[in-house]
Every structure is written in C-alpha cells, then in structure tokens.
There are 2 protein chains.
Amino acid sequence: MDTSGETRRQDRSDGSPASEEAAHRPRDARGTRTRILHAAGAVFAERGYEAATVRDIAGRAGVNQALIFRYFGSKKALLTEVMAQGGKEQLLHTPPDRLFETALRGVLAEDGGEPGSDRLLAVYLRSIGSADAAPETVRALGEEYAAALAALSSADDGTLRAQLAMAWLLGIGLMRVVVGQEPLASAEPEEICRHVLTALDGLLRDEVLPRDGRAPAGRAAKRRPDERP
Amino acid sequence: MDTSGETRRQDRSDGSPASEEAAHRPRDARGTRTRILHAAGAVFAERGYEAATVRDIAGRAGVNQALIFRYFGSKKALLTEVMAQGGKEQLLHTPPDRLFETALRGVLAEDGGEPGSDRLLAVYLRSIGSADAAPETVRALGEEYAAALAALSSADDGTLRAQLAMAWLLGIGLMRVVVGQEPLASAEPEEICRHVLTALDGLLRDEVLPRDGRAPAGRAAKRRPDERP
DNA sequence: TAGCGTTGTAAGCGCGTGCTTACACCAGGG
DNA sequence: CCCTGGTGTAAGCACGCGCTTACAACGCTA
C-alpha cells in the first residue's frame, strides 16, 4: 500500500516558500529524490540488487519510474548512491577505541526495527553477490574502518586483525539479517556484544604473539570503556 | 573459452564399458549430469545465482541448455542440487572438537585454488542475497554445525556461541572470497587460523560467565590442540 | 532390418527487465 | 498571450531471461 501518497500536495501559501529543505512542495525535485532513495534502500535491502526492480522502487516511492532514470541515470548508480549515504558518518564521529563496539551495536540493532531504519547493512549483504558495486563499496568502507581500528594495536599485523574483526561483524549481520538463524537472530544485542567483545579483546590488542617485548598483559589494565558493571 | 569440448567423443572399444563413473562415453547421461553440476557450481560461484544464466552454465558444460531442464527441472533446482553436494560430509567425518578448525581451514583454502575446487562457499555467499534457497540451505547446514559445536560447551547458551563462531567463518569467507579485502584475502591460512582460534578459545568453552563453578581462568592451562610450536 | 526408449539439438515463445521517448503540466518572465 | 525550463507521466522499445517444443541421432533388442 502507498505509505506516502497523500501528504504530497500541500499549499505553500501559508509559509515562506524560501525554505529549501522544507516538506513536500507540489513539484519538489529534492523531495522526490529522497523518496526514491529511501524506497530504493528498502527494496534493495529486502530483495537484493538483482531481484529488485526499478518498477518496485518507483511504486514504493510513489513516483513514475522514468524519474528514477532522470535523477540517477541507472539502476546501478542508484545502488551506489544508496550505499554511499551514511557510510562514513560513524567513522568520523566515533573515537577509535569505541569504533568497533559502536559498529557492532549498529549491526545488532539493524534487523529488529524495520520502520525508519535505513538497513544499510542488509543492502550490502543482499547485494554483495552480484552488482559488483557492493563489493567495492564494502571493501572501501571496510578498509577505512580497519585502518582506524588497526591504530589501536601496535602489532605489525594490526590491519589484518582489524579486518578479521570487521569480518565477524559482517558474518553476524549475515546470520541475523539474511539467514535469520536462531537463536542468533533473536538474541539480545547485549549478550552478543559481550561475547564478541570478550573474544576480540586480545585480538585488537597485543596479547597474541608479544614478540617485540611489550608487556603481554600490560594492556589489561587499560580497560576499554565498557558499560557493563 | 571451452575447457572441455574436445575430450567428449571417445571410443570405448578399448576399455570395459561397465565402469559406471568412467570418463565420457558418447551418450553418457551421468557424465552430462555431473558436467552440468560442475559448470553450474563454477558459474554460480563466480556470478551469483541471479546473475548466472542457464545459457552460461550450458556453454561452460558444453551441452545444450535444454538438457539442463531435462536433468534438473529448473534453474533453482539446479542451485539446490549444487548446494546439496558435499555439505555434510565434513560434519560426519570430523570429531566435534576439531570441527571448527577443520571448517575454518576449509574456508581459508577455498579461495586460492580455483581449478578443481568446488568453491561451495562462494556459491553460498554470492547467492545468499536472493534465490531464497541459499539462505535456507545455509541455515540448515549452520544449525547442524552449531549443534555439533555447542556440545563442546557446557554453557546454556552454547548454541548461540557456536553460531557466533560460524558467523565468523562466513564473514571471513565473505571478506576473502567475495570482497577480496587486503591483506585479509591474501593472508596465510595459518596466521588467520591462529588468530581466530585464539580469540574463540574462550567462546567455545566456558570462560565467559562461569556461573556454574567451573574454573574461570582454566583455559590457559587447558590448551586446545594447536599445531603451532 | 525395424522398433523403441534415451540422449542431444535447434528454434523459439512469453515475459519481465532496464531504459527511452514523446508529451502534458506548472511556474516565472517578456 | 507565448516562451522557456523544470517536473511528472504514459507508452513502449529492445533485449535477455527461464523454459518449452518438435525433432534428429544414437544404442540397444529382436
């Protein structure tokens, strides 16, 4: 059913027409664009890139499908645009030592609340098999995350360790969002978080192979900011 | 390029025709079936289910595409058949306490050697976004692995822990095989194996929340069977 | 040899896809 | 009024897809 088909036509005679980011004007290019983007995110997340059709997306957005090509050029470009939005914000606004936990909680929170959520991870995971824009985006984004994470470790293979941690994130998301394996899919984020952070505590530091003479257990005193009592 | 187009027509007058799994006889239903299965595995692994076409598969197998439907009925049934082959053998022939490490090494060995390898994991990962036969198969297989792994732990959430471990396997495979993120994709299996097994050592046992009175720090002494010196 | 079931093949059907085109609507300016 | 440019729309094009059909080639038995 159409979820946004009736709040479109509204008279602007009461307010100032100068508000450029305002709610839907009768012929609002920017609003249409964002509606298409949002609908595309939902459809890509549900069906994956190949199975999603531009007619589906246009129908969900309540626009003519030709507009999709006017605004984005092609279906593939639409996917790229969808994946590009909101990717790096977390990276910029989170201190590195809390980055992994924040990303993990984001992954864990993604599946439950469908309304409002962008479900970007689902788009990645469901489109990663084809489209070859998804793997590239995931690789690029993952490399930035891994680089930030690798700075936490003084090990020479810090990047590898960080990527292993990122791989776990993706795998958990895969199992929960796409595969839906129980009890993982319905498990409490807190419980998963605790298990994963505990297991990775050594990996993201230097506990393994302290070959360069650093104190092997020295980082244990420098505890990560953990909210559990 | 056709890799198997010339060794098909061979006279069987020299050998015994009773060998049922033998090389290609002129009109060999079983051989054709296996050729289709093998080609389908390769194409599904490379392109994913949706992007793979039966014409591709038929071409790679060197058969007419109508034969695919005669032998398997539909493209989806072909995928199911491809995924079904060889899934549980490892589960049956590996003792549980070595199961995870064996599966991990299988995942790590899958990407490099393309010729000969079945690349079953790549089929799973690339087809998991759509086709909805892949998620079901992965879920079913994963549940059996997790159940076997859960028996190793006396914790009441052993299944959850096992599934978290399986999720890491899938995630690592995703990053290596599909995304191809460096340095993870080219890292030595031994190195990854060491990191992962070390990190998961506590998860698959009872270190977390030793509420039932087991020794909390006992895992340092109770070492896992590790091949590293 | 003819008959018959199995295996392989050429051709194409129907359909849904991404994408395009031609055109209607709506504003602002002369 | 017409013109211009931005926005929305209906219709359809060309193509590749999964799948089907009619038929030829072959191996076997009699």
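Going by the structure above, here's the rest.
Note on numbering: residues in each chain are counted from 1, in written sequence order. To read the labels, note that chains go from A and ligands from 1, taken in the order they are written. Thresholds applied to this predicted model are a pLDDT of at least 70 for local features of residues and 80 or more for the giving and counting of side-chain atom pairs; totals over whole chains, interfaces and linings are not thresholded and use all residues. Note that water and hydrogens are dropped before the side-chain values are worked out from all heavy atoms of the structure.

Participant: Describe the interface of chain B and chain A, with residues and values.
Facilitator: Contact criterion: two residues are considered in contact whenever any of their non-hydrogen atoms come within 4.5 Å of each other. Counting residues at the interface gives 49 residues for chain B, matched by 48 residues for chain A. The term buried area denotes the loss of accessible surface (1.4 Å probe radius) that occurs when two parts are joined, taken as the sum for both partners. Summing the contributions of chain B and of chain A, the shared interface buries around 4000 Å²; its carbon and sulfur component is 70%. The three residues of chain B that bury the most area against chain A are L164, W168 and H195 of chain B, which together make up 16% of that side's buried surface. Salt bridge criterion: a side-chain nitrogen from Lys or Arg within 4 Å of a carboxyl oxygen from Asp or Glu. At the boundary of chain B and chain A, one finds 0 salt bridges. Polar contacts here mean pairs of N or O atoms no more than 3.5 Å apart (in protein, one a potential hydrogen donor and the other a potential acceptor; neighbouring residues in sequence count only if both atoms are side-chain atoms). On inspection of chain B and its partner chain A, the count reaches 14 residue pairs in polar contact (both at pLDDT 80 or more). The secondary structure listing takes helices from DSSP runs of H or I that are at least 4 residues long and strands from runs of E that are at least 2 residues long, numbered from the N terminus. At 15 residues, helix 9 (residues 158-179) of chain B tops the list of elements feeding residues into the side of chain B that touches chain A. Under the scheme applied, nonpolar residues are Ala, Val, Leu, Ile, Met, Phe, Trp, Tyr, Cys and Pro; charged residues are Asp, Glu, Lys and Arg; polar residues are all the others, including Gly. By residue class, the composition of the side of chain B that touches chain A is 26 nonpolar, 11 polar and 12 charged.

Participant: Residues and numbers for the protein's contact with DNA strand D, please.
Facilitator: Proximity is defined per residue: any heavy atom of the residue falling within 4 Å of a molecule or strand makes that residue near it. Close contacts around DNA strand D come from 22 residues, with R27 and R70 of chain A together with Q65, F69 and K75 of chain B the closest. When the atoms of DNA strand D within 4 Å of the protein are grouped by moiety, sugar and phosphate amount to 49% of the total. Separating a base nitrogen of DNA strand D from a side-chain N or O atom of R70 of chain A is a distance of 2.7 Å. Between DNA strand D and R55 of chain B, the relevant distance is 3.0 Å, taken from a base nitrogen to a side-chain nitrogen or oxygen of the residue. Secondary-structure elements contributing two or more residues to the surface near DNA strand D are helix 1 (29-47) and helix 3 (65-72) of chain A together with helix 2 (54-61) and helix 3 (65-72) of chain B. A per-element tally of the surface near DNA strand D places helix 3 of chain A first, with 5 residues. Residue classes in the surface near DNA strand D are distributed as 8 nonpolar, 6 polar and 8 charged.

Participant: Describe in detail the environment of L204 of chain B, supporting the description with residues and values.
Facilitator: Mapping L204 of chain B onto the fold places it in the segment after helix 10 (189-200). As a C-alpha pair, L204 of chain B and A151 of chain B span 53 residues in sequence and 9.5 Å in three-dimensional space.

Participant: I'd like a rundown of the protein's contact with DNA strand C, residues and numbers included.
Facilitator: Around DNA strand C, the structure places 21 residues, and the nearest of them are Q65, F69 and K75 of chain A together with R27 and R70 of chain B. What you see for DNA strand C is that sugar and phosphate hold 48% of its atoms within 4 Å of the protein. In this structure, a base nitrogen belonging to DNA strand C sits 3.0 Å away from a side-chain N or O atom of R55 of chain A. N64 of chain B has a polar side-chain atom sitting 3.3 Å from a base nitrogen of DNA strand C. Broken down by secondary-structure element, the contributors of at least two residues to the surface near DNA strand C are helix 2 (54-61) and helix 3 of chain A together with helix 1 (29-47) and helix 3 of chain B. The dominant element in the surface near DNA strand C, judged by the number of residues it contributes, is helix 3 of chain B, at 5 residues.

Participant: Explain the side chain of R126 of chain A residue by residue, including any values.
Facilitator: One can find R126 of chain A in helix 7 (residues 120-127). One polar contact links the side chain of R126 of chain A to the main-chain carbonyl oxygen of E46 of chain A, over a distance of 3.5 Å. For R126 of chain A, the side chain forms a polar contact with the main-chain oxygen of G129 of chain B, separated by 3.4 Å. Ignoring anything within four residues of it in the chain, the contact list for R126 of chain A reads F44, A45, E46, R47, G48, Y49, V177 and V178 of chain A together with G129 of chain B.

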